[in-house]
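# Tertiary structure, described
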Amino acid sequence: MDFATLIAGAIDNPGQLANARDYGHVVAGVTGLAGPVAHGRPDCSRTIVSTVGSFVRQSLHEIRRTRGVHAAIEVVDAYEGLSPNAAAVDVLFPGRARAQVERSVAQETGLDLASVERLLPAVVPMVLKILHGGAPAVGGAHARMSENPILMAFLDAERDSDVDLGDALHALRRYLGHRNPI
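Given the structure is predicted, the values throughout are model-derived calculations rather than measurements.

With that settled, the discussion passes to the overall build of the protein. A tally of regular secondary structure across the protein gives 10 helices and zero strands. Out of the 182 residues belonging to the protein, those deemed buried represent 49%. Long-range contacts, defined here as pairs at least 24 residues apart, represent 72% of the contacts in the protein between residues at least 6 apart. Per element, the accessible surface of the protein, about 8400 Å² overall, is 51% carbon and sulfur.

A separate point is the environment of Lys129. Checked against the element boundaries, Lys129 lands in helix 7 (residues 113–132). Under the relative-accessibility criterion, Lys129 is labelled buried at 14%. For the pair Lys129 and Ala18, spaced 111 residues apart in sequence, the C-alpha separation works out to 8.7 Å. With near-sequence residues (within four places) excluded, Lys129 lies in contact with Asp22, Tyr23, Val26, Glu80, Gly81 and Leu82.

Our next topic: the packing of aromatic side chains. Following the criterion strictly, the structure yields one aromatic pair and no others. Arranged with centres 6.2 Å apart and planes meeting at 40°, the rings of Phe3 and Phe154 form a pair that is tilted. Taken together, the residues Phe3 in helix 1 (residues 3–12) and Phe154 in helix 9 (residues 149–156) connect sequence positions 151 residues apart. Note on Phe154: relative accessible area 0%, which makes it buried.

Taken as a whole, this structure holds eight salt bridges when the rule is applied. Between Asp156 and Arg64 there is a salt bridge, with the nearest N and O atoms lying 2.9 Å from each other. Of this pair, Asp156 sits in helix 9 while Arg64 sits in helix 3 (residues 44–67); the two residues are 92 residues apart in sequence, bridging distant segments of the chain. Judged by its relative accessible area of 25%, Arg64 falls in the partly exposed class.

If you trace the backbone, Asn148 turns up in the loop between helix 8 (141–144) and helix 9. Among the residues examined, Asn148 registers a relative accessible area of 3% and is labelled buried. In this structure the side chain of Asn148 is engaged in a polar contact, spanning 2.9 Å, whose partner is the backbone nitrogen of Leu151. Here Asn148 is in contact with Leu131, His132, Gly134 and Ala135, once residues within four sequence places are set aside.

Those residues of helix 9 not exposed but buried are Ile150, Leu151, Met152, Phe154 and Leu155. With a side-chain oxygen lying 3.1 Å from the backbone nitrogen of Ile150, the N-terminal cap of helix 9 falls on Asn148.

A separate point is the environment of Val124. Along the chain, Val124 turns up in helix 7. Accessibility expressed as a relative area gives 0% for Val124, which makes it buried. C-alpha separation for the pair Val124 and Leu82, spaced 42 residues apart in sequence, amounts to 9.5 Å. For Val124, the contacting residues outside a window of four places in its chain are Val52, Ala88, Val89, Leu92 and Phe93.

Ranked by internal contacts, the top residues of the largest apolar core, which has 52 residues, are Phe3, Val56, Leu60 and Leu131. The residues contacting Val56, other than those within four sequence positions of it, are Leu92, Phe93, Val127, Leu128, Leu131 and Phe154.

The rules behind these values
- Residues numbered from 1 in each chain as written.
- Predicted model: local features only at pLDDT ≥ 70, side-chain atom pairs only at ≥ 80, totals over all residues.
- Heavy atoms only, no water.
- Helix = DSSP H or I, 4+ residues; strand = E, 2+ residues; numbered from the N terminus.
- Buried < 20%, exposed > 50% of the residue type's maximum accessible area, 1.4 Å probe, protein only.
- Contact = heavy atoms within 4.5 Å.
- Areas by Shrake-Rupley, 256 points an atom, 1.4 Å probe, with all protein chains shown as cover.
- Phe/Tyr/Trp six-rings, centres within 6.5 Å; stacked < 30°, edge-to-face > 60°.
- Salt bridge = Lys/Arg side-chain N within 4 Å of Asp/Glu carboxyl O.
- Polar contact = N/O pair within 3.5 Å; in protein donor to acceptor, adjacent residues only side chain to side chain.
- Core = buried A, V, L, I, M, F, W, Y, C linked by side-chain atoms within 4.5 Å.

Encoded structure:
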């Protein structure tokens, strides 16, 4: 099952946290954030989410490797959201890692570093929001550990290209019927 299908399935499943309203806000939010700095390039939002998503995946892999899957899920649970959160960036990309992410996003999109620095605290929580949507709607943190198919697929993919969040968000936009390009 591809990643976009997992997301659509979570939206349609009342037993999971995902819902069309929140994911619609993610789609609109990412598109709205990149719009003013993208200079009319509709693919910019998609590239930002793909690149940031790849780095989020690497970071969550490292957290899972060093502190366990519970710690990775706690990061997703604690920092997912629709509002900018600089702490989410600091937790996932400490020290020089943040600068590496910013340079990569700038290189991939053609955006200047200052624009990327402003976008990152808003994009990271939205990326985590996508991952969080697969968690069960009921039950405590322990129930969420292995029962979030979106997060587990994201963490267990063999290669970054297997789970491209930009592509998934593009498919999600079509699924939800949004007109904004991503």
